[in-house]
There are 2 protein chains.
Amino acid sequence: MTNIDEQVRPGHLRSAEPDDIYDEDGSIRSDFLALVGAAIADRDVLFLRENVASLHESELGHLIEAIHPDQRLPMITLLGVDFDMTALTEVDESIRMQIVDQMPNEQIAAAIGEIDSDDAVYILEDLDQEDRDEILAQLPFTERVRLRRALDYPESSAGRRMQTEFVAVPPFWTVGQTIDYMRDEEELPESFTQIFVIDPTFKLLGVVNLDRILRTKRMEKIEGIMRDTNHPIPAEMDQEEAAQVFEQYDLLSAAVVDESGRLVGVLTIDDVVDVIQEEAEEDLMRLGGVGDEELSDSIPEISRSRVSWLLVNLLTAILAASVISLFEATIEQIVALAVLMPIVAGMGGNAGSQTMTVTVRALATRNLDIHNAWRVVRREAGVGLINGIVFGLLIGLFAGLWFHDVNIGGIIATAMLINMMAAAIAGILIPLLLDKIGADPAVSSAVFVTTVTDITGFFAFLGLASWWFSI
Amino acid sequence: MTNIDEQVRPGHLRSAEPDDIYDEDGSIRSDFLALVGAAIADRDVLFLRENVASLHESELGHLIEAIHPDQRLPMITLLGVDFDMTALTEVDESIRMQIVDQMPNEQIAAAIGEIDSDDAVYILEDLDQEDRDEILAQLPFTERVRLRRALDYPESSAGRRMQTEFVAVPPFWTVGQTIDYMRDEEELPESFTQIFVIDPTFKLLGVVNLDRILRTKRMEKIEGIMRDTNHPIPAEMDQEEAAQVFEQYDLLSAAVVDESGRLVGVLTIDDVVDVIQEEAEEDLMRLGGVGDEELSDSIPEISRSRVSWLLVNLLTAILAASVISLFEATIEQIVALAVLMPIVAGMGGNAGSQTMTVTVRALATRNLDIHNAWRVVRREAGVGLINGIVFGLLIGLFAGLWFHDVNIGGIIATAMLINMMAAAIAGILIPLLLDKIGADPAVSSAVFVTTVTDITGFFAFLGLASWWFSI
């Protein structure tokens, strides 16, 4: 979450080499875990300070997740001021909540004061109002104001993710003055890649990358080398939208501004990478019918979160069953139909989810828009037609041979063609439509597409059979 | 793909504001497209230079994708030397290939010489050997050698994605010397955030971030402020693995070294973001049964790429059908079974894909490992049990009422419980097992899981019925 780039960690650098704590599979080495466990049991502060406090925040986060839940708070307490609170931004939300709930507010306040504002906000935003106020009250004035301002922005907004520490200079300074200021100033951010140019009211005038400063003679003015910030991020902007701006324009960091264009913070690529990951994960999980669950959630939590999706699917399955029940008489006479009907429905479902997956992804990456939608719809219909013919012929031949009945072969072939076409059209039109009306296509496309392919599959196959055999 | 951060584009900065060419939905505005189309038809070079050449490479890429295929080459030809070849790294592979195939090799060589080495490699790697050699032959010696070296590394390796332009200094230089060098040197990379410290044989000694240089007094030695590069990336390392290192340690750029530890290039976060996106996309597409297709692929290409997945699914569907055919006698007597059986199989399939989605994602992000695998397996089994009981009771009650038969209600309830348990266990064990044997769980988990839930569903439901009613 924090500190662009690695930090200088003198002393224990060697012992904190990533190879040291991870095995080949990328899991934390079991012997290291055992050593840490023993040290916690023995209250061996020296060992922990030497081998745990020196870890990178993400490694420490992995370690917290890997040790026994009962060891987590004791380890943090033993580390005391040497515990890097940033590590908590690297663990599952439920684990973070558990730890923070058990920590005294004074301890949290002391630790929060040490870390970057974006990480502090990340931890504070999940706490209840009362705890949050108590912690904020114990922070120095400027820090309290900064954090409150970030917390006032809506959840998942750029304002929540931004860092409030940045370097800003007036346009009339020279490059030399700027460099001297950075050499003398103690209160600079941990690390940064660009400096901002502002007027006395903090209105953003421009931005200068560090490499440009280093390439320029000392006497040149900042306003001469600054450039327009083409892409300042409004603090209210959704983090996903901000991530898209970063991606499109290959930004490393961007100024975050309030409604009146005043600089309030900086959004950095490391936080944006996390957002990109989360968004990609969300789409994948939603397509699979899973909500915002985490690996550390409990059985009742998981079970509850998955029930709603299964319930919707139960209703559509009953709907499909009721289609079958229309043809009970036909099935009673030709049981082969009952044997074959899941093939038609299932293949339609698979073809539909192929098209749907491509469509949902293309919508998420904004590759699919009004300029090519019609072309893509026609293409998917074409693919459905070709694959419908291919698999219609295959299954027709197979079913005809299996049941020694050319009629059944012909009927299933036709039904397969119809259902593959339906699958293709549903697979593209349903996500497009959901997107058009402002719904998230990843969440609900799958249910609708399967409903279409199940009902079409059963209806086409059983209906054709009932008509052909006049039952 | 290239040029960390925005570039200074004097002059037409205003007219290239992103708001100018995009509408609210993020599509390119139709009137802008019409203007460009007219300018291409009229061979209006002035308009194109003013309004198209000034676009950001990603905007230009979008524009190329949005205009009619027949207009693409004419537009590029009209732009001539003003065309930024980097834009081609932003378009679909098939469109890039189409354009590059039509461009004369001399024109490609001239354009390639203008862009960063990582982008040049990105374009060159898709060409056939002959064209590639011809283009390389027309480049200046140093550039040719650099590009050849990058192209010699395996596909999707860090060596292929790296930029060969970087700033490297000896450890005994002072900060002042380093700054003076950067002020005077003409051949610096477009932009950079850190400089490397090397010995005379190019062996990597350390790294210094630009902000550290700016904070340090001129007389200090570089070796005093450089730090160990904790995470140098071997050039042969897979790009996905390199991306994980970037993510874990929040890197902005990292040194790429050869087998003997010599600095050969630098990998930057903007390229890594693309890799992260691609990998997330790959998992999503594979879970949906789709290969490496692109929105611009033709119908036969798409159709062919999807057939293999559908073929595998056809075989498993036939397998499931053969399970049903074992119970033809039972179905003939109680047609209600045919009506209800897809519900049992389908619900199992949905529950299984929920578990599978979570598992595949956790494996991809390395959140699931030997330390928690057993716990997660038990948890999923618990979720399967609870949801099996919930949905068993629901469907049992419903089916009993529908067919006025308490026996059918009891049978479907039991079968549902069994299949939900099977779904949970298959949903987690199959991806874990595939991962263990080195197969990609995203590719083949879905087929195996559905096979298990279909067969278990049909067998449990029809088998129980056949046993209970002794048919």
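The shown structure was predicted, so the numbers you read here are calculated from the model rather than taken from an experiment.

Enquirer: It is not clear to me how the packing of helix α19 (residues 336–364) of chain A against helix α21 (residues 406–436) of chain A should be interpreted in this structure. Could you clarify?
Expert: Packed helices, taken two at a time, are described by the angle their axes make and the gap between the axes. All names here are of chain A. Relative to each other, α19 and α21 sit at 25°, their axes nearing to 8 Å. Taken together, the axes of α19 and α21 are roughly parallel relative to one another. In this structure, α19 meets α21 at a crossing whose hand is right-handed. Residue classes in the contact of α19 with α21 are distributed as 20 nonpolar, six polar and one charged.

Enquirer: Quick question: what am I supposed to make of the interface of chain B and chain A here?
Expert: It is common to report an interface's size as the accessible area lost on association of the parts. Taken together, the contacts link 138 residues of chain B with 139 residues of chain A. The junction of chain B with chain A conceals about 11900 Å² of combined surface from both sides, 62% of it contributed by carbon and sulfur atoms. Counting every contact that joins chain B to chain A gives six salt bridges. Across the pair Asp-184 of chain B and Lys-217 of chain A runs a salt bridge, and its minimum N-O distance is 3.2 Å. For the pair chain B and chain A, the number of links is 36 residue pairs in polar contact (both at pLDDT 80 or more). Of the residues forming the side of chain B that touches chain A, the biggest block, 16 residues, is contributed by helix α17 (residues 299–325) of chain B.

Enquirer: Explanation requested: the confidence of the model for chain A in the structure shown.
Expert: The predicted coordinates ought not to be read in detail in places where the model reports low pLDDT. Residue and element names in this part refer to chain A. Summary statistics for chain A give a mean pLDDT of 88 and a share of 96% for residues scoring 70 or more. Within chain A, α21 carries the highest mean pLDDT (95), whereas helix α1 (residues 18–21) carries the lowest (64). Confidence over residues 1–18 falls short of pLDDT 50; this stretch has 65 contacts with residues more than four positions distant or in other chains.

Enquirer: Help me understand the UniProt feature "transmembrane region" (unreviewed entry) in chain A in this model?
Expert: UniProt records the feature "transmembrane region" (unreviewed entry) for residues 307–327, 333–351, 381–402, 408–434 and 446–469 of chain A in the present numbering. Here residues 381–402 of chain A is 100% helix and 0% strand, with 30 Å between the C-alpha atoms at its ends.

Enquirer: Could you clarify how one ought to interpret a nonpolar patch on the surface in this entry?
Expert: A cluster of nonpolar side chains, Leu-311 of chain A together with Ile-386, Val-390 and Leu-394 of chain B, forms an exposed patch at the surface whose accessible area comes to about 270 Å². For the nonpolar patch, the leading source of residues is helix α20 (residues 373–402) of chain B, giving three residues. In this fold, Val-390 of chain B is placed in helix α20.

Enquirer: Just checking my understanding: could you explain helix α16 (residues 269–287) of chain B for this structure?
Expert: Counting along an α-helix, one turn takes 3.6 residues, and residues three or four places apart therefore face a common direction. All names here are of chain B. With 19 residues, α16 extends 27 Å from end C-alpha to end C-alpha; this agrees with the ideal 27 Å at 1.5 Å per step. Summarising burial for α16: 14 of the 19 residues are buried, a large majority. Positive backbone phi, approximately 75°, marks Gly-289, located one or two places after α16.

Enquirer: Honestly, the pairing of strand β5 (residues 253–257) of chain B in this entry has me stumped. Any pointers?
Expert: The side chains of a regular strand alternate between both faces of the sheet. All names here are of chain B. Of all the five residues making up β5, five are buried; the element is thus mostly covered by neighbouring parts of the structure. Of the pairings in the sheet, the one linking strand β4 (residues 233–234) to β5 comprises two bridges and is parallel in character. Each residue of the ladder has a partner; that of Pro-234, found in β5, is Val-257. In this structure, β5 lies alongside strand β6 (residues 263–268), joined through five bridges in antiparallel fashion.

Enquirer: Would you mind showing me how to read the relation of the copies chain B and chain A here?
Expert: Copy one and copy two of the chain differ by a rotation about a common axis and a shift along it. Superposing chain B onto chain A takes a rotation of 180° plus a shift of 0.0 Å along the axis, which leaves an RMSD of 0.1 Å. These values place the two chain copies in the arrangement generated by a two-fold rotation axis. The fraction of interface residues of chain B whose copies in chain A are also interface residues reaches 100%, indicating that both copies meet through the same surface.

Enquirer: Would you mind going over the domain arrangement of chain A with me for this structure?
Expert: All names here are of chain A. Here the domain parsing of chain A yields domain 1 (14–157), domain 2 (168–268) and domain 3 (299–468). The straight-line distance from the C-alpha centre of domain 1 to that of domain 2 is 30 Å. Between domain 1 and domain 2, the contact holds six residues from the first and eight residues from the second. Between domain 1 and domain 2, a total of about 600 Å² is buried, with carbon and sulfur atoms accounting for 48% of that surface. A per-residue breakdown of the area domain 1 buries against domain 2 is headed by Tyr-153, Ser-156 and Ser-157, which together make up 68% of the total.

Enquirer: I'm lost on the packing of helix α17 (residues 299–325) of chain A against α20 of chain B in this one. Help?
Expert: Look at α17 of chain A against α20 of chain B: their axes get within 10 Å of each other, and the N-to-C directions meet at 35°. By crossing handedness, the relation of α17 of chain A to α20 of chain B is classed as right-handed. Two secondary-structure elements touch here, α17 of chain A through Ile-299, Ile-302, Ser-303, Arg-306, Val-307, Leu-310, Leu-311, Leu-314, Ile-318, Ala-321, Ser-322 and Ser-325 of chain A and α20 of chain B through Arg-378, Arg-379, Glu-380, Gly-382, Val-383, Ile-386, Asn-387, Phe-391, Leu-394, Ile-395, Phe-398 and Trp-402 of chain B.

Enquirer: When you look at the sheet that holds strand β1 (residues 168–169) of chain B in this model, what are you seeing that I'm missing?
Expert: All names here are of chain B. Spatial ordering of the open sheet is given by β1-β2-β3, a layout of three strands whose pairing is mixed. The open sheet has two edge strands with one neighbour each: β1 and β3 (204–209). Looking at chain direction, strand β2 (residues 194–198) and β3 are connected through five bridges and run antiparallel. Directly across from Phe-196, in β3, lies its bridge partner Val-207.

Enquirer: Is there a simple way to think about the pattern of salt bridges in this case?
Expert: Opposite charge on two side chains makes pairing possible when the charged atoms of those side chains draw close. Counted under the stated rule, the structure contains 36 salt bridges over all chains. Between Arg-306 of chain A and Glu-293 of chain A there is a salt bridge; the shortest N-O distance is 2.7 Å. Taken together, the residues span a long stretch of sequence, with Arg-306 of chain A in helix α17 and Glu-293 of chain A in the loop between α16 (269–287) and α17 at a distance of 13 residues. Per residue, the accessibility class of Arg-306 of chain A equals that of Glu-293 of chain A, and both read buried. Each of Glu-293 and Arg-306 of chain A together with Arg-379 and Glu-380 of chain B takes part in one network of salt bridges that share partners.

Enquirer: I tried to follow the UniProt feature "domain: CBS" (unreviewed entry) in chain A on my own but got confused; where do I start?
Expert: In the numbering adopted here, UniProt assigns the feature "domain: CBS" (unreviewed entry) to residues 162–223 and 226–282 of chain A. For residues 162–223 of chain A, helix accounts for 29% and strand for 21%, while the C-alpha atoms at its two ends are 25 Å apart.

Enquirer: Whenever I open this one, the side chain of Asn-387 of chain B confuses me. Can you help?
Expert: Along the chain, Asn-387 of chain B falls in helix α20. Sequence-distant contacts of Asn-387 of chain B, that is, excluding residues within four places in its chain, are made with Ser-303, Arg-306, Val-307 and Leu-310 of chain A together with Gly-392 and Met-420 of chain B.

Enquirer: What am I meant to see in the packing of aromatic side chains here?
Expert: Here a ring pair, both rings aromatic, is described through the centre-centre distance and the interplanar angle of the planes. All names here are of chain A. Under the criterion given, the structure shown has twelve aromatic pairs over all chains. Note on Trp-173 and Tyr-181: the rings are 5.4 Å apart at their centroids and 70° apart in plane angle, and the pair reads as edge-to-face. An aromatic cluster is defined as three or more aromatic residues linked by ring pairs; in this entry it consists of Phe-398, Trp-402 and Phe-403.

Scoring rules and cut-offs
- Residues numbered from 1 in each chain as written.
- Chains lettered and ligands numbered in written order.
- Predicted model: local features only at pLDDT ≥ 70, side-chain atom pairs only at ≥ 80, totals over all residues.
- Heavy atoms only, no water.
- Axes fitted to C-alpha atoms, helices over the stretch in contact; angles between N-to-C directions.
- Helix = DSSP H or I, 4+ residues; strand = E, 2+ residues; numbered from the N terminus.
- Parallel < 35°, antiparallel > 145°, perpendicular 65-115°, else oblique.
- Left-handed = near helix turned anticlockwise from the far one by under 90°.
- Nonpolar A, V, L, I, M, F, W, Y, C, P; charged D, E, K, R; others polar.
- Contact = heavy atoms within 4.5 Å.
- Buried area = accessible area lost by both parts, 1.4 Å probe.
- Salt bridge = Lys/Arg side-chain N within 4 Å of Asp/Glu carboxyl O.
- Polar contact = N/O pair within 3.5 Å; in protein donor to acceptor, adjacent residues only side chain to side chain.
- pLDDT = per-residue confidence, 0-100.
- UniProt positions renumbered as here; feature names shortened; annotations may be inferred.
- Patch = residues over 30% accessible without salt bridge, like charges linked within 9 Å, V, L, I, M, F, W, Y side chains within 5 Å.
- Areas by Shrake-Rupley, 256 points an atom, 1.4 Å probe, with all protein chains shown as cover.
- Expected span 1.5 Å × (residues − 1).
- Buried < 20%, exposed > 50% of the residue type's maximum accessible area, 1.4 Å probe, protein only.
- Pairing = 2+ DSSP bridges.
- Least-squares fit on C-alpha atoms with pLDDT ≥ 70 in both.
- Domains from an automatic or database assignment.
- Phe/Tyr/Trp six-rings, centres within 6.5 Å; stacked < 30°, edge-to-face > 60°.

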